[in-house]
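Descriptive structure summary
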Amino acid sequence: MNRSNNGASFDIVHVLLDIFILFFAFFISYSIWGDGNLTFHELKAVVSIYLVCTMLFLMGNRTSQIYNSTLFFYLDRIIRRETYSYAIAVFAGVLIYFNTYAVKVYSQFLISLLVLPYFLMILEIVFFRKIIDRIIFRKHIPRAIYVGSKNSYNKFRYFLQKTSTIINEIGYISINDDDDSIEYIGKLSNLEDIIKKYNIDQVYFLQKREMNIVEMQKYIDICTEMGVTSRVIVDTFRRRKSYSYVSSIGTYPLITFHTVTMNMKEKVIKRVFDICFSVFAIVITSPIMIITAIAIKLDSPGPVIFRQIRVGKNGRHFKIWKFRSMRADAEEMKDELSKLNEVSDGMMFKIKDDPRVTRVGKFIRKTSIDELPQFFNVLSGSMSVVGTRPPTINEVVKYSKTQWRRISIKPGITGMWQANGRSSITDFKEVVELDTKYIDEWSLWLDIKILFKTVLEVLNHKNSF
């Protein structure tokens with residue numbers, strides 16, 4: 001896990017948009033004026049120069065803070081800075097062209113390469129917010145609430161809306177005042193319940209000088225214990241168990257306390273890994289899934305796929321998909337079998353010789369084949385390949401603040417629990433410790449190690465019931 005999070009405000013989506021615009025402009029220019037008019041040697045020269053100019057343009061934007069998501073996104077400011085970066089890149093490209101390559105390029109193609117990228121870049125800036133809204137699905141945008149007075153909330157929201165930071169504003173919480181406005185959702189004293197009720201990802205504390213710092217620290221700790229990111233517009237709090245980094249929104253200094261990685265590039269890496277791995281797994285195991293579906297249908301009455309509401313990141317609900325390994329009336333029998341639960345504190349439901357499991361179910365559970373449909377959950381974005389165990393609604397209701405933290409990330413098909421003993425671990429406290437350890441130490445390499453360990457557990461048929 002990146003504890004410093006120096007790049008948490010780096011807007012990688014904007015970078016990718018700029019790269020797409022530049023290469024799209026090249027494709028259009030070449031298709032209209034370059035195709036058939038350039039030799040391979042000439043095309044190679046132009047492409048080389050274009051790549052250099054692209055890198056210089058991106059570096060210029062980065063230096064000008066264009067890719068800082070907390071920068072005020074004023075059109076005149078952004079256009080001026082990107083024009084400056086573009087002019088430097090073009091000037092460098094012209095120098096390289098006339099001093100390095102002894103080739104003549106079709107003039108209309110050359111003019112198009114100079115003008116079209118800039119024109120498309122201006123369009124991108126003007127319609128940036130609409131483009132971003134199309135790219136980022138609403139369900140994946142962080143859900144945020146604000147703590148403070150109504151006036152402070154309005155002022156801060158005004159600043160925030162002028163940046164390229166995208167959040168789903170749920171409302172605001174007062175310190176101790178009632179309010180009848182539509183944005184008001186409760187008092188600070190009910191913070192824990194509000195976080196659970198509204199599936200909150202981030203809490204912005206708009207603290208004023210007259211606020212009690214010691215009292216406010218208590219609520220920062222609640223967020224930390226629950227794995228919810230807190231952002232404080234002051235510089236007086238200790239970070240305790242969470243990590244922190246400093247940025248700003250407009251004229252407000254901002255300290256972020258968090259227990260999960262905030263770097264967009266790391267989130268993108270993990271999501272790309274999830275998509276690639278799940279597609280590969282679905283293709284490779286599709287014959288197994290077809291045979292399993294037929295076997296389940298022949299073995300016992302009921303649907304092939306078992307669907308159940310599970311709890312995902314920060315309390316979001318989603319439908320998990322598994323091959324049915326139990327009788328169709330298994331859920332109705334759960335209360336009768338509760339006394340046989342081998343998890344002592346009742347925080348999970350596990351029985352070694354569960355009478356509800358069918359003949360085919362015993363085999364697909366032992367080999368973990370019943371988990372294969374969850375790769376479709378990964379593709380949809382509700383789960384990750386590696387994460388924490390997805391709990392049921394009834395389990396989450398019993399969670400303490402500390403236990404809530406284990407669902408501060410997406411649940412996974414496998415994780416530290418499955419790779420370190422699986423069902424032999426019946427102490428829920430140990431499960432929570434493993435999950436929070438994964439959250440604190442996450443890296444792509446850790447995901448790969450967990451996958452290998454999980455495969456070994458499955459092949460050895462250990463601890464599966």
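The present account deals with the structure reproduced in this document. (Residues numbered from 1 in each chain as written. Predicted model: local features only at pLDDT ≥ 70, side-chain atom pairs only at ≥ 80, totals over all residues. Heavy atoms only, no water.)

**Some thoughts on the overall build of the protein**
Within the protein one finds 17 helices and eleven strands. By the burial criterion, 52% of the 465 residues in the protein qualify as buried. Long-range pairs, those at least 24 residues apart, make up 71% of the contacts in the protein with a sequence separation of at least 6. Here the protein displays about 23500 Å² of accessible surface, and carbon together with sulfur accounts for 61% of that area. (Helix = DSSP H or I, 4+ residues; strand = E, 2+ residues; numbered from the N terminus. Buried < 20%, exposed > 50% of the residue type's maximum accessible area, 1.4 Å probe, protein only. Contact = heavy atoms within 4.5 Å. Areas by Shrake-Rupley, 256 points an atom, 1.4 Å probe, with all protein chains shown as cover.)

**Let's talk about the packing of aromatic side chains**
All told, the structure shown has 18 aromatic pairs when counted by the stated rule. Plain terms: the ring middles of Phe 10 and Tyr 67 are 6.2 Å apart, the flat faces sit at 80° to each other, and that makes the pair edge-to-face. Taken together, the positions of Phe 10 in the segment before α1 (12–34) and Tyr 67 in the loop between α2 (40–63) and α3 (75–100) put the pair 57 residues apart, joining distant regions of the chain. By relative accessible area, Tyr 67 is classed as buried at 3%. Ring centres of Tyr 158 and Phe 159 lie 6.0 Å apart, and the angle between their planes is 50°; on these two criteria the pair is classed as tilted. Among the residues examined, Phe 159 registers a relative accessible area of 11% and is labelled buried. Taken together through their ring pairs, the aromatic side chains of Tyr 146, Tyr 153, Phe 156, Tyr 172, Tyr 184 and Tyr 204 make up a single cluster. (Phe/Tyr/Trp six-rings, centres within 6.5 Å; stacked < 30°, edge-to-face > 60°.)

**Focus on the environment of Ala 8**
Take Ala 8: it is sitting in the segment before α1. A residue is classified by how much of its surface remains accessible, and Ala 8, at 15% relative accessible area, is buried. In sequence terms Ala 8 and Ser 69 are 61 residues apart; their C-alpha atoms lie 8.9 Å from each other.

**As for a nonpolar patch on the surface**
On the surface, Ile 275, Val 279, Phe 280, Val 283, Ile 284, Phe 376 and Leu 379 cluster together to form a nonpolar patch covering roughly 610 Å² of accessible area. Here the nonpolar patch gets five residues from one element, more than from any other, and that element is helix α9 (residues 264–299). Assignment of secondary structure puts Ile 284 in helix α9. (Patch = residues over 30% accessible without salt bridge, like charges linked within 9 Å, V, L, I, M, F, W, Y side chains within 5 Å. Salt bridge = Lys/Arg side-chain N within 4 Å of Asp/Glu carboxyl O.)

**Focus on the packing of α9 against helix α11 (residues 359–366)**
Two elements in contact, α9 and α11, have axes separated by 9 Å at closest approach and are oriented at 150°. By the criterion of interaxial angle, the relationship of α9 to α11 is roughly antiparallel. Each of Thr 292, Ala 295, Ile 296 and Asp 299 in α9 lies in contact with α11, whose residues at this interface are Arg 359, Val 360 and Ile 364. The residue makeup of the contact of α9 with α11, split by class, is four nonpolar, one polar and two charged. (Axes fitted to C-alpha atoms, helices over the stretch in contact; angles between N-to-C directions. Parallel < 35°, antiparallel > 145°, perpendicular 65-115°, else oblique. Nonpolar A, V, L, I, M, F, W, Y, C, P; charged D, E, K, R; others polar.)

**Details of unusual backbone geometry**
Unlike most non-glycine residues, Gln 65 shows phi in positive territory, near 65°. Classification of Gln 65 as partly exposed rests on a relative accessible area of 40%.

**What about the environment of Arg 62?**
Along the chain, Arg 62 falls in helix α2. Every residue in contact with Arg 62, bar those within four places of it in the chain, is listed here: Phe 10 and Tyr 67.

**Notes on the sheet that holds strand β1 (residues 143–147)**
Strand-to-strand pairing in sheets goes through backbone hydrogen bonds, with the strands running parallel or antiparallel. Pairing is mixed across the open sheet formed by seven strands, whose spatial order is β3-β2-β1-β4-β5-β7-β6. Sheet topology places β3 (184–187) and β6 (243–249) at the edges, where each strand pairs with a single neighbour. Between one strand and the next, the sheet's axes are offset by a mean angle of 25°, whatever the strand orientation. The pairing of β6 with strand β7 (residues 252–258) spans seven bridges and is classified as antiparallel. When the bridges of β7 are listed, Tyr 243 appears paired with His 258. Strands in contact with helix α7 (residues 191–198) are β1, β2 (168–174), β3 and β4 (202–205); relative to β3, the strand with the most contacts, it is inclined by about 145°. (Pairing = 2+ DSSP bridges.)

**A look at the pairing of strand β8 (residues 305–311)**
Relative to strand β9 (residues 317–323), β8 runs antiparallel, the two sharing seven bridges. Across the sheet, Ile 309 pairs through a bridge with Lys 319, a residue of β9. Two successive antiparallel strands, β8 and β9, enclose a turn made up of five residues, where Asn 314 displays a positive phi of approximately 50°.

**A short note on the environment of Ser 9**
In this structure, Ser 9 sits in the segment before α1. Separated by 60 residues in sequence, Ser 9 and Ser 69 place their C-alpha atoms 5.3 Å apart.

**Considerations on the pattern of salt bridges**
According to the stated counting rule, one finds 14 salt bridges in the structure shown. Across the salt bridge formed by Asp 447 and Lys 270, the nearest N and O atoms sit 2.7 Å from each other. Residue Asp 447 is located in helix α17 (residues 444–459), and its partner Lys 270 is located in helix α9; the two are separated by 177 residues in the primary sequence. Here Arg 389 ties to Glu 395 by a salt bridge, and the two come within 3.0 Å at their closest N and O atoms. Judged by its relative accessible area of 6%, Glu 395 is buried. Here the residues in one salt-bridge network are Lys 150, Arg 157, Glu 169 and Glu 183, joined through shared partners.

Any functional reading would require information that these geometric values do not contain.
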